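Listed below, chain by chain, are the residues.
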Protein chains: 2
Amino acid sequence: MQLKELSERTGVSPASIKFYLREGLLPPGRSVRATRAEYGELHVSRLELIQTLRRVVGLNIAQIGSLLRMADDGVPRLELLAAVQRTVLGLDDVGREHGDVRTPAGDAVVRFRNWPDVPSDARNSLNAHLALMESLGVPVTDDLLDAYSLAVDAIATVNISATTAPEDVNQLIMTAAVGMHLHGQLILKLLALAHASHAIRRYETEA
Amino acid sequence: MQLKELSERTGVSPASIKFYLREGLLPPGRSVRATRAEYGELHVSRLELIQTLRRVVGLNIAQIGSLLRMADDGVPRLELLAAVQRTVLGLDDVGREHGDVRTPAGDAVVRFRNWPDVPSDARNSLNAHLALMESLGVPVTDDLLDAYSLAVDAIATVNISATTAPEDVNQLIMTAAVGMHLHGQLILKLLALAHASHAIRRYETEA
DNA sequence: ACAATAGGATAGTGCTCCTATCCTAGAGGC
DNA sequence: GCCTCTAGGATAGGAGCACTATCCTATTGT
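Per chain, the residues get numbers from 1 upward, laid out in the order the sequence is written. Each chain gets a letter, beginning with A, and each ligand a number, beginning with 1, in the order they are written. Only residues with pLDDT of 70 or above have their local features reported here, since the model is predicted, and side-chain atom pairs are shown and tallied only from 80 upward, although totals for entire chains, interfaces and linings are computed over all residues. Side-chain descriptors were evaluated using all non-hydrogen atoms of the structure, hydrogens and water having been removed beforehand.

*Asks:* What am I meant to see in the relation of the copies chain A and chain B here?
*Replies:* To go from the first copy of the chain to the second, apply a rotation about an axis and then a shift along the same axis. The least-squares superposition of copies is restricted to C-alpha atoms, and to residues with a pLDDT of at least 70 in both copies. In screw terms, the move from chain A to chain B is a rotation of 180° and a rise of 0.0 Å along the axis, fitting with an RMSD of 0.1 Å. What the superposition gives is, in effect, a two-fold axis relating one chain to the other. Of every C-alpha in chain A, the one belonging to alanine 151 of chain A sits nearest the axis of rotation, 2.3 Å from it. In what follows, residue pairs with any heavy atoms lying within 4.5 Å of each other are defined as contacts. Most of the interface of chain A is mirrored in chain B: 100% of its interface residues are interface residues there too.

If you want it as structure tokens, here you go:
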């Protein structure tokens, strides 16, 4: 299959494919001759992955590139999944440059839920976020944090047991990224609905 | 206070202030003379609101403008809060143009949680999102949805009782938007940590 | 007389994500 | 042999966003 056919099969314009090749998101095809290159199913699934990561998950080119380069470099799966999580849930934005951060509240969460007490990106990001909320004057009571963490603990339990890791790396990133993004959004939307519902209830009671 | 002083007090460049004036985000000052305008504390707090909405919450100019215009038009507070919720939690992105949508799962959530059975943006957005997940082949079991909704119900209960609405409209939007955004992010980060913790546990058990 | 200022118009900047054009060299069909 | 097609490289263009800068005129305090 050559570039034009790859374009037709994936619905991505030839110009964009060339762009992705330049950016290193898409590995080059097997160069048959000077003016002919052969692309395979791997390129199709890779392009679909790129499209989904852009349009559904909303990552930018640099983020996609970094993820894909890790995959191509044969980074271990657990590490890769951690990177996907960081990128998709936006754990990279705050406080990662300050090394490990601790907050009393963050430590408390870990203790209460009996989660393993090891530093991680997720934990640093949480602690940085708690510090940010503190600094912006948004109170986070221990009760609230307890309710939150109890909830997500239950969710994670259900969530992780329903996960089976696929063989193909493209597929792995796809399911992990899409899953994390969609579940994250789902929770946000449910929270919005719950919030709105409670607000209506309260409004009705007061009226 | 004139433009320059307003700029100095808020740390926003005069050029940006003029830009916000042009875009209608900032109401014009009281024109004392042809070359002199008077700005007040309201402009200061409005500018701070704009800054926070941009840099912390991450809204774009159009979204901020639409929210602020509603506030200036004296839209009722409940409606305004609903708009803030839509904007901050990204409920506008899917399925709002198709009118009211229903999904069996979405209905089930409302019934299980005994939430008021009325159409709302939050509900439409949830249903559209469930449909999207369905179409992308990401399964959402009733069990999972039940765990999610139980969790957010608990959170919303804690959350809403801790909320007191401020007098000033700028302040109202500020606290609502910042609160919703930060709490949403907090949940996402907690979920990430919970997920990572459970993954470590499982990995340790298997190893 | 002169520096300073408001507000209006208009253009430019930096970033991101493409999209288009041009080029050369090579291969196959007629 | 000639024409068309193609890959891949270089380079430029374009659209959207959020500013940022420049220039202008009219006006005013000093």
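*Asks:* Mind showing me how you'd approach the protein's contact with DNA strand C here?
*Replies:* In the region of DNA strand C, 22 residues are neighbours, and Ser16, Arg54 and Asn60 of chain A together with Thr35 and Tyr39 of chain B sit closest. In the analysis that follows, any N or O atom pair within 3.5 Å is treated as a polar contact, provided that within protein one partner can donate a hydrogen and the other can accept it, and provided that, for residues neighboring in sequence, both atoms belong to side chains. The separation between a sugar or linking oxygen of DNA strand C and a polar side-chain atom of glutamine 2 of chain B is 3.2 Å. Threonine 35 of chain B has a polar backbone atom sitting 2.8 Å from a sugar or linking oxygen of DNA strand C. Put simply, the parts of the chain that give the surface near DNA strand C at least two residues each are helix H2 (14–23) and helix H3 (41–55) of chain A together with helix H1 (3–10), helix H2 (14–23) and strand E2 (36–38) of chain B. A run of DSSP states H or I qualifies as a helix once it reaches four residues; a run of E qualifies as a strand once it reaches two. Both are numbered from the N-terminal end. Sort the elements by how many residues they give to the surface near DNA strand C and H2 of chain A lands first, with 5 residues. Near residues are defined by distance, with any heavy atom within 4 Å of the molecule or strand qualifying the residue.

*Asks:* Help me understand the protein's contact with DNA strand D in this model?
*Replies:* Lining the immediate environment of DNA strand D, one finds 22 residues, of which Leu3, Thr35, Ala37 and Tyr39 of chain A together with Asn60 of chain B sit closest. Within 4 Å of the protein, the contacting atoms of DNA strand D are drawn from sugar and phosphate to the extent of 74%. Between a base oxygen of DNA strand D and a side-chain N or O atom of arginine 22 of chain B, the distance comes to 3.3 Å. Arginine 54 of chain B is positioned with one of its side-chain polar atoms (N or O) 3.1 Å from a phosphate oxygen of DNA strand D. Within the residue set of the surface near DNA strand D, elements represented by two or more residues are helix H1 (3–10), H2 and strand E2 (36–38) of chain A together with H2 and helix H3 (41–55) of chain B. Per-element accounting of the surface near DNA strand D gives the leading share, 5 residues, to H2 of chain B. Three categories are distinguished: nonpolar for Ala, Val, Leu, Ile, Met, Phe, Trp, Tyr, Cys and Pro, charged for Asp, Glu, Lys and Arg, and polar for the others, with Gly belonging to the last. Looking at the surface near DNA strand D, its residues break down into 8 nonpolar, 6 polar and 8 charged.

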